[in-house]
Amino acid sequence: MHLSVTVNVAPDGAVVLSVRGEVDHANAGELRTTIESVLTTQRPHTIRVDLGLVTFIDSGAIGSLVSAHRVAQAGGAGLVVTNASPFVSRQLTVAGVADLLGAPQSPEPLPRL
């Protein structure tokens, strides 16, 4: 499945990016570019990245989200992840960026090594 990103403006002025499909190293740049474009063209106070329909995410995509978060902060905006699927939530938790991105922690305990 390919990546699809839909951009909408919420009633509170936040921009919501609804992401669908698989986000990996091959298309993570597309997501980051979309976020950066929204930041420069719409200048929202908050970007919500809805990952409820994301079936796969890898470290490259997580890195792009963290990079976009930093760019948003530098521009005075917030970037948060919402509706993370259980798989995505777990990946963000394992990567140690769930709190940074405002995503709820994975509800299942992480294995001890």
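In what follows, the structure referred to is the one given above.
Residues numbered from 1 in each chain as written. Predicted model: local features only at pLDDT ≥ 70, side-chain atom pairs only at ≥ 80, totals over all residues. Heavy atoms only, no water.

Colleague: Hey, could you run me through the packing of aromatic side chains in this one?
Modeller: For any two aromatic rings, the description comes down to two numbers: the centre-to-centre distance and the angle of the planes. In the structure shown here, the tally under the stated rule is one aromatic pair. With centroids separated by 5.8 Å and ring planes inclined at 20°, the aromatic side chains of phenylalanine 56 and phenylalanine 87 adopt a geometry described as stacked. Of this pair, phenylalanine 56 sits in strand 3 (residues 46-57) while phenylalanine 87 sits in helix 3 (residues 86-95); the two residues are 31 residues apart in sequence, bridging distant segments of the chain. Note on phenylalanine 56: relative accessible area 33%, which makes it partly exposed. Phenylalanine 87 gets classed as partly exposed once you look at its relative accessible area, which sits at 34%. (Phe/Tyr/Trp six-rings, centres within 6.5 Å; stacked < 30°, edge-to-face > 60°. Helix = DSSP H or I, 4+ residues; strand = E, 2+ residues; numbered from the N terminus. Buried < 20%, exposed > 50% of the residue type's maximum accessible area, 1.4 Å probe, protein only.)

Colleague: What should I look at first to understand the pairing of strand 2 (residues 15-23) in this one?
Modeller: Put simply, side chains in a regular strand alternate between the two faces of the sheet. In this structure, strand 1 (residues 4-9) lies alongside strand 2, joined through six bridges in antiparallel fashion. Residue pairing across strands places valine 9 opposite valine 15, the latter belonging to strand 2. Taken together, strand 1 and the strand that follows it, strand 2, pair antiparallel across an intervening segment of five residues, in which glycine 13 is found at a positive phi of about 95°. Handedness of the strand 2-helix 1 (residues 28-42)-strand 3 crossover: right-handed. (Pairing = 2+ DSSP bridges. Right-handed = clockwise from strand over helix to strand, strands pointing away.)

Colleague: Mind showing me how you'd approach the packing of helix 1 against helix 2 (residues 59-74) here?
Modeller: Two quantities define a packed helix pair, namely the angle between the axes and the distance from one axis to the other. The contact between helix 1 and helix 2 brings their axes to 8 Å, and the two run at 15°. Taken together, helix 1 and helix 2 sit at an angle that is classed as roughly parallel. Note on packing geometry: the crossing formed by helix 1 with helix 2 is right-handed. Each of Ala28, Gly29, Leu31, Arg32, Ile35, Glu36 and Leu39 in helix 1 lies in contact with helix 2, whose residues at this interface are Gly60, Ala61, Ser64, Leu65, Ser67, Ala68, Val71 and Ala72. Taken together, the residues of the contact of helix 1 with helix 2 break down into nine nonpolar, four polar and two charged. (Axes fitted to C-alpha atoms, helices over the stretch in contact; angles between N-to-C directions. Parallel < 35°, antiparallel > 145°, perpendicular 65-115°, else oblique. Left-handed = near helix turned anticlockwise from the far one by under 90°. Contact = heavy atoms within 4.5 Å. Nonpolar A, V, L, I, M, F, W, Y, C, P; charged D, E, K, R; others polar.)

Colleague: I'm lost on the sheet that holds strand 2 in this one. Help?
Modeller: Here we have four strands laid out as an open sheet, ordered 1-2-3-4, and mixed in their pairing. Edge positions in the sheet fall to strand 1 and strand 4 (78-82), since each has one partner strand and no second. In this sheet, neighbouring strand axes are inclined to one another by 20° on average, regardless of whether the strands run parallel or antiparallel. Packed on one face of the sheet, helix 2 meets strand 2, strand 3 and strand 4 and runs near 145° to strand 4.

Colleague: What is the right way to look at helix 1 in this model?
Modeller: An α-helical turn contains 3.6 residues, so a residue and the one three or four places further along point in the same direction. Under the 1.5 Å per step criterion, the end-to-end length of helix 1 is 21 Å for 15 residues, consistent within 8% with the ideal 21 Å. Looking at the buried residues of helix 1, the elements they touch are strand 1, strand 2, strand 3, helix 2 and strand 4. (Expected span 1.5 Å × (residues − 1).)

Colleague: I tried to follow the nonpolar core on my own but got confused; where do I start?
Modeller: Across soluble globular proteins, nonpolar side chains have a tendency to be buried as a group. Residues Ile35, Leu65 and Leu92 are the most contacted members of the largest nonpolar core, which totals 30 residues. At the level of secondary structure, the elements contributing two or more residues to this core comprise strand 2, helix 1, strand 3, helix 2, strand 4 and helix 3. A per-element tally of this core places helix 2 first, with six residues. Discounting residues that sit within four places of it in the chain, leucine 92 has contacts with Ile62, Val81, Val97, Ala98, Leu101 and Ala103. (Core = buried A, V, L, I, M, F, W, Y, C linked by side-chain atoms within 4.5 Å.)

Colleague: What am I meant to see in unusual backbone geometry here?
Modeller: If a residue is not glycine, its phi is most likely negative; likewise, a peptide bond is most likely trans. Despite not being glycine, arginine 43 shows a phi value in the positive range, around 45°. Mapping arginine 43 onto the fold places it in the loop between helix 1 and strand 3. Unusually for a residue other than glycine, asparagine 83 sits at a positive phi of about 50°. For asparagine 83, the position within the fold is in the loop between strand 4 and helix 3.

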